[in-house]
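The residues making up each chain are set out below.
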Amino acid sequence: MARLALVQQQHNHPSLSILPSSLSDFNGTRLHSHLQFKKKVSQPKGALQVSASGEKKILIMGGTRFIGVFLSRLLVKEGHQVTLFTRGKAPITQQLPGESDKDYTDFSSKILHLKGDRKDFDFVKSSLSAKGFDVVYDINGREADEVAPILDALPNLEQYIYCSSAGVYLKSDLLPHFETDAVDPKSRHKGKLETESLLVSRGVNWTSVRPVYIYGPLNYNPVEEWFFHRLKAGRPIPIPNSGVQITQLGHVKDLATAFVKVLGNEKASKQVFNISGEKYVTFDGLAKACAKAAGFPEPEIIHFNPKEFDFGKKKAFPFRDQHFFASIEKAKSVLGWKPEFDLVEGLADSYNLDFGRGTYRKEADFSTDDIILGKSLVLQS
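Remember, predicted model here, so these are calculated numbers, not experimental data.

Asks: Would you explain the overall build of the protein in this entry?
Replies: The number of helices and strands found in the protein is 11 helices and 17 strands. Out of the 381 residues in the protein, the part that is buried amounts to 53%.

Written out as structure tokens, the structure reads:
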């Protein structure tokens, strides 16, 4: 178990500084955010605001793989002192595609690191107590018992911001899912539900964010990458059943801005927010959107009945075979947040900054496709 706390060079920040209202981040995406201090400051017309009280000492549990990579950059740009708690197996910083050397150097010089295993509860309590933090962003927490030691270590914590999942909702014929909908205590995300319950019972100031499917550069889940592999190879895309199942994707950079919007925001206190894209899409529509975004011809789509196949432990399709989407109206009205990316723009951003550059998380595996296509050919002969 790791017990070494490594911290990079610390930097002094002004205790009360006004940051630019327009931050051109994430390779051209225009973000609008403002810190609202106790002292009134003039606000540009139309600027979205983030309610906070100046610089915060922030701990991110995780932060080196996907969501945290984009979130940590925003928080550092907003002048906060950000520490990543990781096991140290991955580099703490990596230069993003399209990120200038200057921006990367500036970010990497300010990010701090606390090395350890979050399941080593004694170490978590001792190290966090010694450091002290104002806010915790828990990006990789899956079980409630992983969160309790953090709360024990930080009795004066101002806010605990948790990355939950829309997967906690009970399957329903009435959609979209709203934050008040029934949840499923037996879902594979039950640990996240139990964590939300723990935060409520402990009386801390918490905010829970429930994304649907997340996509974007560095995505380690085979979401858009699954389609890109098949499009690049010029293969048909196998989609279960009718292909009109409706789902929803949200860009990781939009998710990161939502996380920043809840920071220090009284309206976000003890609230749950669904975060995803503005529109819903069918499975067939998603395949076509991926092709359009990446500049490939419209794909051939093969529909199959999953009940007719035995794929073993392999998944033949990366999405749950059902309608699955959630309303984001609460986040829009309460937080003043709105997605910057529509689906095709977001998929193009992902492709151009990741897969299109030859980088991806998993090698192509067409073995389940071949089983489906083999049967399809037999039936057609």
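Asks: Honestly, unusual backbone geometry in this entry has me stumped. Any pointers?
Replies: In most cases, non-glycine residues show a negative phi, while peptide bonds are predominantly trans. Following L175, the chain continues into P176 via a peptide bond in cis, with omega recorded as 5 degrees. Along the chain, P176 falls in the loop between β9 (159-163) and α5 (190-201). Backbone geometry at N241 places phi at a positive 55 degrees, although glycine is not the residue there. Tracing the chain through its elements places N241 in the loop between β12 (237-240) and β13 (246-247). Positive phi outside glycine occurs at K270, with the angle close to 55 degrees. As for its placement among the helices and strands, K270 is situated in the loop between α7 (252-262) and β15 (271-275).

Asks: Is there a simple way to think about the sheet that holds strand β6 (residues 81-86) in this case?
Replies: Each strand in a sheet pairs with another by means of backbone hydrogen bonds, the pair being arranged parallel or else antiparallel. With parallel pairing, 7 strands are arranged side by side in an open sheet as β7-β6-β5-β8-β9-β10-β15. One side of each edge strand has no neighbouring strand; the edge strands of this open sheet are β7 (112-115) and β15. Within this sheet the neighbouring strands show an average axis-to-axis angle of 20 degrees, counted without direction. Bridge count for strand β10 (residues 206-211) against β15 is 5 bridges, and the pairing is parallel. Across the sheet, the residue bridging to S208 is V272, located in β15. Taken strand by strand, α5 contacts β9 and β10, and its axis lies near 165 degrees from that of β9.

Asks: Even after reading the chapter, I still don't get the pairing of β10, so can you show me in this structure?
Replies: Residues in a regular strand point their side chains to alternate faces of the sheet. Judged by how many residues are buried, β10 sits mostly within the fold: 6 of 6 residues are covered. Relative to β10, β9 runs parallel, the two being bridged by 4 bridges. Considered in β10, the bridge of C163 is made with V209. Taking the sense of rotation as the criterion, the β-α-β connection linking β9, α5 and β10 turns out right-handed.

Asks: Just checking my understanding: could you explain the packing of aromatic side chains for this structure?
Replies: For the structure shown, the criterion picks out 21 aromatic pairs. Ring centres of Y280 and F325 lie 4.2 Å apart, and the angle between their planes is 40 degrees; on these two criteria the pair is classed as tilted. Residue Y280 is found in the loop between β15 and β16 (281-282), and its partner F325 is found in the loop between β17 (301-304) and α9 (329-335); the two are separated by 45 residues along the sequence. Residue F325 is classed as buried on the basis of its relative accessible area, which comes to 9%. For the pair F296 and Y351, a centre-to-centre distance of 6.0 Å together with 85 degrees between the ring planes defines the contact as edge-to-face. Of this pair, F296 sits in the loop between α8 (283-294) and β17 while Y351 sits in helix α10 (residues 343-353), and the two are 55 residues apart along the sequence. In this structure Y351 comes out as buried when scored by relative accessible area, which is 14%. An aromatic cluster is present here, built from Y213, W226, F227, F283, F317, F319 and F324 joined pairwise through their rings.

Asks: It is not clear to me how helix α6 (residues 224-232) should be interpreted in this structure. Could you clarify?
Replies: Because an α-helix completes one turn every 3.6 residues, residues spaced three or four positions apart along the sequence face the same direction. Most of α6 sits out of view: 8 of its 9 residues are buried. Every buried residue of α6 is accounted for by E224, E225, W226, F227, F228, H229, R230 and L231. G234 sits one or two positions beyond α6 and adopts a positive phi of about 70 degrees.

Asks: Help me understand the side chain of D284 in this model?
Replies: Considering the arrangement of structural elements, one finds D284 in helix α8. One buried charged residue, D284, forms no salt bridge at all, with the nearest opposite charge on K288 at 5.6 Å. Reaching out from D284, the side chain makes a polar contact with the side chain of H303 at a distance of 3.0 Å. Non-local contacts of D284, meaning those with residues more than four positions away in its chain, are made with I239, S242, G243, I301 and H303.

Asks: Help me out: how do you make sense of α7 in this one?
Replies: Of all 11 residues that make up α7, 11 are buried, and the element is covered over most of its length. Buried within α7 are the following residues: V252, K253, D254, L255, A256, T257, A258, F259, V260, K261 and V262. Immediately beyond the C-terminal end of α7, within one or two residues, lies G264, with a positive phi of roughly 65 degrees.

Asks: Explanation requested: the nonpolar core in the structure shown.
Replies: Within soluble globular proteins, side chains that are nonpolar tend to cluster in buried spots. Ranked by internal contacts, the top residues of the largest apolar core, which has 39 residues, are I60, I67, L71, L75, Y137 and F259. Those residues within four positions of L71 in sequence are excluded, and the remaining contacts are I60, Y137, I139, A256, F259 and V260.

Rules of the game
- Residue indices begin from 1 for each chain and proceed along its sequence in written order.
- Reporting in this predicted model follows two pLDDT cut-offs: at least 70 for local features of residues, and 80 or more for side-chain atom pairs to be given and counted; totals over whole chains, interfaces and linings ignore these cut-offs and use all residues.
- Think of the side-chain values as coming from all heavy atoms in the structure, minus any hydrogens and water.
- Put simply, DSSP marks the helices as runs of H or I at least four residues long and the strands as runs of E at least two long, and each gets a number from the N terminus on.
- With a 1.4 Å probe rolled over the protein chains alone, any residue whose accessible area is under 20% of its type maximum counts as buried; one over 50% counts as exposed, and the rest are partly exposed.
- Strand pairing follows a simple DSSP-based rule, namely that at least 2 bridges must link the two strands.
- Every angle, taken between N-to-C directions, lies between 0 and 180 degrees, and every axis is a line fitted to C-alpha atoms, over only the stretch in contact when it is a helix.
- Here, two residues are considered to be in contact whenever any of their heavy atoms come within 4.5 Å of each other.
- Viewed with both strands pointing away, a crossover whose connecting path from the first strand over the helix to the second turns clockwise is right-handed.
- Here a Phe, Tyr or Trp ring, Trp counted by its six-membered ring, pairs with any other such ring whose centre lies within 6.5 Å, and the pair is stacked when the planes are under 30 degrees apart, edge-to-face when over 60, and tilted otherwise.
- In this count, Lys and Arg are taken as positive residues and Asp and Glu as negative ones, while His and the chain termini are left out.
- One speaks of a salt bridge when a side-chain nitrogen belonging to Lys or Arg is within 4 Å of a carboxyl oxygen belonging to Asp or Glu.
- For this analysis, a polar contact is any N or O atom pair within 3.5 Å, provided that within protein one partner can donate a hydrogen and the other can accept it, and provided that sequence-adjacent residues contribute only side-chain to side-chain pairs.
- To qualify as a nonpolar core, a set must consist of buried Ala, Val, Leu, Ile, Met, Phe, Trp, Tyr and Cys residues joined through side-chain atoms within 4.5 Å.

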